[in-house]
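# Geometric and topological summary
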Amino acid sequence: MKEKITRDEVRHVARLARLELTGQEEARLTDQMNQILCYMEKLNELNTTDIPATTHAIQLHNVFRQDAVQASLDRAGALANAPDSDGACFRVPKVI
Amino acid sequence: MNVHSLTMHELRSLLVRKEVSAVEMVTSFLERIDSLDAALNTYITVLADSALENARSFDNGVGDIDASPLAAVPLAIKDVICTKGVRTTCGSRMLNNFKPPYDGTVIERLRSAGAIFLGKTNMDEFAMGSSTENSAYGPTRNPWDTDRVPGGSSGGSAAAVAADLCSGSLGTDTGGSIRQPASFCGVVGLKPTYGRVSRFGLVAFASSLDQVGPITKDVEDAALLLQVIAGYDQRDTTSVDHPVPDYVSGLREPIRGMRLGIPREYFLEGMHPDVSAAVEKAIRTCRELGAEIIEVSLPHTDFGVSAYYIIAPAEASSNLARYDGVKYGLRVPDAADLMSMYRLSRSEGFGPEVKRRIMLGTYVLSAGYYDAYYRKASQVRTLIRRDFLDAFQQCDALVAPVAPIPAFKLGEKTDDPLQMYLSDVLTLPASLAGIPGISVPCGFSSDNLPIGLQILGPHFREDIVLRVAYQFERAAGCTGRRPGALPR
């Protein structure tokens, strides 16, 4: 099987995806992604020059609504599921 | 009288005639869940107290039993749809303690129709899977054979209906996640047209594909449920403002003279012989009902798996970026800095299949690969969509198998993700095209596993799909058989 993605690339993609993989996960994903990406080669059997891309099956135009004030989630509701907050804001580990 | 084995519309007539009280009825379901669900694991959360409270309101006259065809009907909801104040896990450790601050639109609509929620059902994590084995809360088992999977990702919703642990349920379908488990569990499952049902409050997997739909004991129930959940919603920008017809009254019209297309690419080499036999018999039944059967071609069927498993993971990798341990969801304690907190929380919160799809999606969208994968797949999606539009020039609906095999064994495909993906080959194209489709029982394999018939229709023609399914169901009489191993 041709190698489509190397273990180094898997590590790079994991960084982009904000995932921390174990060595075992890295090895397994390298194998599995290679197998899956090789299967996807199949798409190259089709000539798609000049075929437009479909991003949504139902074509829609911009949808606008009245720019009117409506009730929204209150602060307590928005913070209720937060792992950490100070009652007014979400709290996260030090950034700078 | 076992109220739990009745269809929604049968149960309703007992409730309206006061032959059973709502509390008796709900109690009967809760007792059955109590005795059977330890083995089947269809529910993640059972809502005993609120279900009984709602039932009492109907019995003491506060709730109006005549208010709607769903009043006091006990339903189960896939745990990917937000229910206010009720834990919504998406089958993930990530959302183990998540209590949404609002109801999804479909929940709002069902609540105002008077439906009673028995609980939230098990599923593949974030709806990614075809077997309900990818749940952080353990796999669901197929009520017909507990060594086998119920299908997925809405496996809990389908198995709960099949095992009479609810009257009907909601599932979601992104690439077959309603139709395939309905087929594996011998119940009816309808995926509506993309845009027919609001996605507001449905936790996103692949936003251009996700749809909510009913899983029920018969076709009439599917029409009743769709009637309530369908319609435009300002809060979902992809919801389509298209008139909602009366689905139930449309069922009774015969299908004589209707043209039904048989897509030749859907009869795969290597398909289980019992599946092809059951589907061929179903086609004969449709012909006997007066439908004209014509062979059609959907030439790009074979490219559906590749296109789908690029597009859906791409959208998923973007949607699941929101799980960062800040606003909700799991956070590992004591991370040194923000970036480690993100990475460690996500790695601990997500299971292997979700990580695999995030990795695939991130890869196909990354610099240098976007055109070769994501753009290419989106172009092939156009070809697949055109296949259906062309076919519907020649016929009113398509009739085909749902899956090439009946329910497989637990563990059979878990080590080989590509084999699992390939099992979705017959449901993915309709999802990519955004058209409606139903699975209706059409027979059993020699080892007594249910087989489903897939009926696909043009965009927004759920009425046609339901009518063909209803007329077939009445003629074939495969619906209503219940798993023999379970107590009645």
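See the structure shown above.
One structure accompanies this document, and this report is about it. Numbers given for residues are sequential positions, taken from 1 along each chain in its written order. Think of it this way: whatever chain is written first is A, whatever ligand is written first is 1, and the rest follow in order. Residue-level local features of this predicted model are given only where pLDDT is at least 70; pairs of side-chain atoms are given and counted only at 80 or more, and the full residue set underlies all totals for whole chains, interfaces and linings. Hydrogens and water molecules were not included; the side-chain quantities draw on all heavy atoms of the structure.

### Some remarks on the sheet that holds strand β7 (residues 259-263) of chain B
Residue and element names in this part refer to chain B.
- The pairing criterion for strands is at least two bridges between them, as found by DSSP. Helix and strand definitions here come from DSSP, where helices need a minimum of 4 consecutive H or I residues and strands a minimum of 2 consecutive E residues; each element is numbered from the N-terminal end. Strand order across the open sheet formed by eleven strands is β1-β3-β2-β4-β6-β5-β10-β11-β9-β7-β8, with mixed pairing between neighbours. The open sheet terminates on both sides in strands that have one partner only, identified here as β1 (43-46) and β8 (292-296). Averaged over all neighbouring strand pairs, the angle between strand axes comes to 30 degrees, with direction disregarded.
- Bridge count between β7 and β8: five bridges; the pairing is parallel. Within β8, the position partnered with R259 by the bridge is E292.
- Lying over the sheet, helix α3 (residues 48-59) contacts β1 and β3 (116-121), oriented at roughly 160 degrees with respect to β3. Axis lines are fitted to C-alpha atoms, over the contacting stretch for helices. Their N-to-C directions set the angle, which ranges from 0 to 180 degrees. Should any heavy atoms of two residues lie within 4.5 Å, those residues are considered in contact.

### Here's the deal with the nonpolar core
Residues and elements named next belong to chain B.
- In terms of nonpolar packing, the biggest core is built from 135 residues, with L110, F126, F388, I455 and L466 touching the most fellow members.
- Not counting residues up to four positions away in its chain, the partners in contact with F388 are Y266, L298, L398, P429, A430, A433, I435 and L456.
- In this structure, L14, L36, C166 and V187 belong to the second largest nonpolar core, which totals 40 residues. We call a set of buried residues a nonpolar core when its members are Ala, Val, Leu, Ile, Met, Phe, Trp, Tyr or Cys and they connect through side-chain atoms within 4.5 Å of each other. Buried means the residue's accessible area, taken with a 1.4 Å probe over protein chains only, is under 20% of the maximum for its type, while exposed means over 50%, and partly exposed covers the values in between.

### Quick look at the environment of B:F184
Residues and elements named next belong to chain B.
- In this fold, F184 is placed in helix α6 (residues 179-185).
- Note on F184: relative accessible area 1%, which makes it buried.
- As for F184 and A22, which are separated by 162 residues in sequence, their C-alpha atoms are 31 Å apart.
- When near neighbours in sequence (up to four residues on either side) are disregarded, F184 contacts N142, W144, V149, P150, G151, A403, I405, P406, A407, F408 and P450.

### Thoughts on the interface of chain B and chain A
- On the side of chain A, 52 residues touch chain B, which itself brings 71 residues to the contact.
- When two parts are brought into contact, each loses some accessible area as probed by a 1.4 Å sphere; the total of that loss over both is the buried area. Interface area for chain B against chain A, summed over the two sides, is near 5,500 Å², with a carbon-plus-sulfur share of 66%.
- We note a salt bridge from A:K42 to B:D302, for which the minimum N-O separation is 3.1 Å.
- We define a polar contact as two N or O atoms separated by no more than 3.5 Å, with the added condition that, inside protein, one atom must be a possible hydrogen donor and the other a possible acceptor, whereas residues neighbouring each other in sequence contribute only through side-chain atom pairs. At the junction of chain B with chain A, the criterion picks out 22 residue pairs in polar contact (both at pLDDT 80 or more).
- Mapped onto the side of chain B that touches chain A, the elements with two or more residues apiece are α10 (304-319), α11 (338-349), α12 (352-365), α13 (371-394), α14 (417-422) and α15 (428-433) of chain B. Criterion for a salt bridge: a side-chain nitrogen of Lys or Arg within 4 Å of a carboxyl oxygen of Asp or Glu.

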